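For reference, the chains in residue letters:
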Amino acid sequence: MPKQVNGQKEDSIIQNDLSESFEEEVRAFLSDEEKLHLFDDLTKVNPVTMTTVLKCLQARYTVNLFYTNAGCSLVALNPFQPISCLYSPELMREYHVAVRPQDLKPHIFAVAEQTYRNVQSQIDPINQSIIVSGESGAGKTWTSRCLMKFYASVAASVTSPKDNETVERIEKRVLDSNPVMEAFGNACTLRNNNSSRFGKYIQLQLDRFHHLSSASIQTFLLEKTRVAYQAPNERNFHIFYQITKGATAEERLEWNLPEGADYRWLPNSERNLDEDCFEVTRDAMFHLGIDRSTQNNIFKVLSGLLHLGNIQFSNPLDESQPCELEDKIKDFVKITGDLLKIPVEELLESLRIRTITAGKQQQVFKKPCSRAECETRRDCLAKVIYAKLFEWLVSVINESIYADTSAWTSFIGLLDVYGFEAFPENNLEQLCINYANEKLQQHFVAHYLKAQQEEYAAEGLQWSFINYQDNQNCLDLIEGNPLSIFSLLNEECRLNRSSNPDLFQTRIEKALSDNQCLSRDKFSKKPNFIISHYAGEVCYQLEAMVEKNKDPIPPELIHVLQNSKDPLLQKLFPVTETNQNNVRTQNRAAVITVVSKFKGSLENLMQILNSTKPHYIRCIKPNADCKALTFKREEVLSQLQACGIVEAVTISAAGFPIRISFESFTERYEILRRSRGYNKNSVCGKSNYHTAKKKEISTAEKQIVSRMERYRDHQVPALGMQNTHAALP
Ligand SMILES: Nc1ncnc2c1ncn2[C@@H]1O[C@H](COP(=O)(O)OP(=O)(O)OP(=O)(O)O)[C@@H](O)[C@H]1O
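Residues numbered from 1 in each chain as written. Predicted model: local features only at pLDDT ≥ 70, side-chain atom pairs only at ≥ 80, totals over all residues.

## Describing the overall build of the protein chain
1) Next: When helices and strands are tallied, the protein chain shows 29 helices and 16 strands.
2) Next: The contacts of the protein chain with a sequence gap of at least 6 include a subset with a gap of at least 24, amounting to 72%. (Helix = DSSP H or I, 4+ residues; strand = E, 2+ residues; numbered from the N terminus. Contact = placed C-beta atoms within 7 Å.)

The following block contains the structure:
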């Protein structure tokens, strides 16, 4: 009996999907095993079009095959359900000990093992990177976690840390970084219950025996606004729910978190998620060297933030007076002050009064803030504390997994970054995220699409150049010199212009109208600009963009945090000479904008990636509702387009004409012949075989031999060469 899949018979899905193609004909005669192997590698699909790629992926998905090779990339479809044994230690071992792991089914462990063997081979570039990409909910975090487990298992350190029995082994510490980073950096969003709200690059460092000796983590662009604002039906960072749900009675008392209390910044707390597990976070923190008393301090500060969120301001009767507070709100102010160890009066003053220094004598004036300004200050206080806390946690984790560069000789880097974003409303955050994706796409193009074709040309392969989209124009528009959107944004900040979005729109258009990637939604009343990204057009709203880029922190807030008696806040906001001066001369202080910081850290990252051999895992979300067994073609299609899969497959397939004409042909021919009952020596079968393809095969054979020799000489395990190797006489 055919299995029922979403109400359809599996057989009929496969039949429908593969109609009109050669594959359908072949599949009809194949056993399940043979069927699936035929599509293990999309470069064997002929002809390579988006439709065939889509059909193959869907056919595989319906029979629980979630990984597929596609040129230099591995396509990973999210099953949205636990698949037994797919990540078991036994399977890790199978890939690790295999003579040719690439002959096993496509899997992230095959990629992981390949990178590990590349490091062991000591051929340049020795260092490897795996770029895991995909949209929110596609499975990047899951994939990175599994890869880390793989390396922790196959590259396990040989000895436990000397002289200190209480310190956990490095593998455990590296793996323990995951629950901590996820508790503080992930949240439930509309698109993913466990969405990472930051980008992450983790470098696993290996000693000369190729054992894991240390690691380092770099994070990008934490979405700190989430602390003080959660979109409808979304949640704050997991850690807030963990403390409110998991605290003991004693802790509740100490952190002032009575059961059932309401917090404005804790929406949808009635939803219980797997990620709400406080104990897991605490244990992991402990193993990373964050002792119970420091943990207690962290959770106390977080409770303080929850109470801070409940502070609301009322307009004063007399405008020259500060905003008023209702009696019950005064309680929240008091609790916040107690938990953050800031005197209530100082806290209130920092939230409600602006200090202005003016004139030659640097006279100080105090001016009450409007209600909206008070709210902005309250939110800003929460954001600055949370962002610093996150930064500090990353540095503590890094200290715990760090080793001096002399202790390691090579590394494998895992990059898990947010995918391309295009929402109905987009702002600076999306601009930065999409800029990062443009950079990674450029890297992919340079390292694969371009390099591969140049190599074919140099080898004299008969080759007609396949066009791929060069995104340099788009990158010039975003970050180029001397004029770009980033430079104009920074200019607005530098000149401290009162940011009028309409004026800014005119400035952008005047300066950058020559760039074909720039346009505007003329039907929208809101000032905007559109960028034609490689993955599609995105319209960005200009309202508040300049302010977001400045990301200003009122000096009074920093001052009040520096005066806190709380040991953790004192660590996060130390008093230094420079920032003391900055409080006084804040207006003149150089502004380090969000885009310059982001651009800097991304350039740093690109430099590292450029020095490594890259591998790509393209995570695909088969449906937006995160449902198991549901493959929505349009949704998959747009993701495949966004990551340039078809170009990659086409180039890979065409670069090895032998794949189609020799190996694949003979394989398919044999299958067809067998299935049609041709006798081995049947005249019909023989003559078809020989006359139709003889010439093609001999040309292909020559090409294989020349390519193989070339690669053998260089001892480079060429991507995609494995099967052709097997087909050699
Ligand atoms: N290989 C897998 N097997 C089973 N379930 C999976 C797998 N990959 C992902 N999932 C499920 O999909 C969910 C989303 O995956 P994940 O959090 O890794 O997405 P993401 O791409 O990192 O998203 P974001 O960008 O929002 O962080 C996971 O919580 C898990 O439930």
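## Quick notes on the nonpolar core
1) Next: Ranked by internal contacts, the top residues of the largest apolar core, which has 156 residues, are Ala 76, Tyr 151, Val 180, Val 301, Leu 305, Ile 617 and Ile 645.
2) Next: Per-element accounting of this core gives the leading share, 12 residues, to helix α15 (residues 371–401).
3) Next: Composition of this core by domain shows at least three residues from each of domain 1 (159–409 + 557–573) and domain 2 (428–550 + 595–607). (Core = buried A, V, L, I, M, F, W, Y, C linked by C-beta atoms within 7 Å. Buried ≥ 20, exposed ≤ 12 C-beta atoms within 10 Å, placed from the backbone. Domains from an automatic or database assignment.)

## A short note on the sheet that holds strand β13 (residues 518–519)
1) Next: One open sheet accounts for three strands, arranged β13-β14-β15; its pairing is antiparallel. Each edge of the sheet is formed by a strand with only one pairing partner; in this case those strands are β13 and β15 (536–541).
2) Next: By the bridge criterion, six bridges tie strand β14 (residues 528–533) to β15 in an arrangement that is antiparallel. By the bridge assignment, Asn 528 is partnered in β15 with Gln 541. (Pairing = 2+ DSSP bridges.)

## Things to note about the sheet that holds strand β16 (residues 613–620)
Remark on secondary structure: sheet strands pair via backbone hydrogen bonds, oriented parallel or antiparallel.
1) Next: Ordered by their spatial adjacency, seven strands build an open sheet running β3-β4-β16-β5-β12-β8-β9, and the pairing between neighbours is mixed. Two strands lie at the open edges of the sheet, namely β3 (67–70) and β9 (212–220), each paired on one side alone. Put simply, the sheet's adjacent strands are angled 20° from each other on average, direction ignored.
2) Next: Of the strand pairs in this sheet, β3 and strand β4 (residues 73–77) are connected by four bridges, and their pairing is antiparallel. (Axes fitted to C-alpha atoms, helices over the stretch in contact; angles between N-to-C directions.)

## Comments concerning the confidence of the model for the protein chain
1) Next: Residues with a pLDDT of 70 or more make up 77% of the protein chain, whose mean pLDDT is 83.
2) Next: Under a pLDDT of 50 for its full length, residues 707–729 has, in the predicted model, 24 contacts with residues more than four places off or in other chains.
3) Next: What the predictor reports for the complex is a pTM of 0.84 with an ipTM of 0.99. (pLDDT = per-residue confidence, 0-100.)

## Looking at the domain arrangement of the protein chain
1) Next: Parsing the protein chain into structural domains produces domain 1 (159–409 + 557–573), domain 2 (428–550 + 595–607) and domain 3 (657–727).
2) Next: Each of domain 1 and domain 2 was reduced to a C-alpha centroid, and the two centroids are 32 Å apart.
3) Next: Contacts between domain 1 and domain 2 engage five residues on the former and six residues on the latter.

## Structural notes on the packing of helix α13 (residues 327–340) against helix α14 (residues 344–352)
1) Next: Packing of α13 against α14 brings their axes to within 9 Å, and their N-to-C directions diverge by 110°. Taken together, the axis directions place α13 and α14 in an arrangement best described as roughly perpendicular. Along its contact with α13, which presents Val 333, Lys 334, Thr 336 and Gly 337, the element α14 presents Val 344, Leu 347 and Leu 348.
2) Next: Broken down by class, the residue content of the contact of α13 with α14 amounts to four nonpolar, two polar and one charged. (Parallel < 35°, antiparallel > 145°, perpendicular 65-115°, else oblique. Nonpolar A, V, L, I, M, F, W, Y, C, P; charged D, E, K, R; others polar.)

## Remarks on the environment of Gly 309
1) Next: Inspection of the secondary structure assignment puts Gly 309 in helix α12 (residues 292–309).
2) Next: C-alpha of Gly 309 to C-alpha of Val 63: the two residues are 246 residues apart in sequence and 49 Å apart in space.

## With respect to the UniProt feature "binding site: ATP" (unreviewed entry) in the protein chain
1) Next: Taken from the UniProt record, the annotation "binding site: ATP" (unreviewed entry) applies to Gly 134, Glu 135, Ser 136, Gly 137, Ala 138, Gly 139, Lys 140 and Thr 141.
2) Next: With respect to the helices and strands, Gly 139 occurs in the loop between β5 (128–133) and α7 (140–154).
3) Next: Sequence-distant contacts of Gly 139, defined by excluding residues within four places in its chain, comprise Ala 76, Asn 78, Gly 134 and Cys 619.
4) Next: For Thr 141, the position within the fold is in helix α7.
5) Next: By the C-beta count within 10 Å, which is 22 here, Thr 141 ends up buried.
6) Next: Excluding residues within four positions of it along the chain, Thr 141 makes contact with Asn 194, Ser 196 and Asp 416. (UniProt positions renumbered as here; feature names shortened; annotations may be inferred.)

## Section: the pairing of strand β8 (residues 199–206)
1) Next: Along β8, eight of the eight residues are buried, which leaves the element largely enclosed by surrounding structure.
2) Next: Residues Gly 199, Tyr 201, Gln 203 and Gln 205 point to one face of β8 and Lys 200, Ile 202, Leu 204 and Leu 206 to the other, with burial holding for every one of them.
3) Next: Bridging between β8 and β9 involves eight bridges; their strand directions are antiparallel. Bridge pairing links Tyr 201 to Gln 218 in β9.
4) Next: Between β8 and β9, which pair antiparallel in sequence order, lie five residues; one of them, His 210, sits at a positive phi of approximately 65°.
5) Next: Here seven bridges tie β8 to strand β12 (residues 410–416), and the two strands are oriented antiparallel to one another. Paired with Lys 200 across the two strands is Asp 416, which belongs to β12.

## With respect to the site of the ligand
1) Next: As a matter of local geometry, the ligand sits amid 20 residues, with Ser 136, Gly 139, Thr 141, Trp 142 and Ser 195 nearest to it.
2) Next: Contributing elements (two or more residues each) for the shell around the ligand: α7 and β7 (195–196).
3) Next: For the shell around the ligand, the leading source of residues is α7, giving three residues.
4) Next: Counted by class, the shell around the ligand contains eight nonpolar, 11 polar and one charged residues. (Near = placed C-beta within 6 Å.)

## Observations regarding helix α4 (residues 50–62)
1) Next: Look at α4: 18 Å from first C-alpha to last across 13 residues, which is about the 18 Å you get at 1.5 Å a residue.
2) Next: Of the positions making up α4, those classed as buried are Thr 52, Val 53, Lys 55, Cys 56, Leu 57, Gln 58, Ala 59, Arg 60 and Tyr 61.
3) Next: Backbone geometry just downstream of α4 places Asn 64 in the positive-phi region, at approximately 65°. (Expected span 1.5 Å × (residues − 1).)

## Some thoughts on the environment of Asp 207
1) Next: With respect to the secondary-structure elements, Asp 207 resides in the loop between β8 and β9.
2) Next: Assessed through the 18 C-beta atoms surrounding it within 10 Å, Asp 207 is described here as partly exposed.
3) Next: For the pair Asp 207 and Asp 276, spaced 69 residues apart in the sequence, the C-alpha separation amounts to 36 Å.
4) Next: Excluding residues within four positions of it along the chain, Asp 207 makes contact with Ser 213, Ala 407, Trp 408 and Thr 409.

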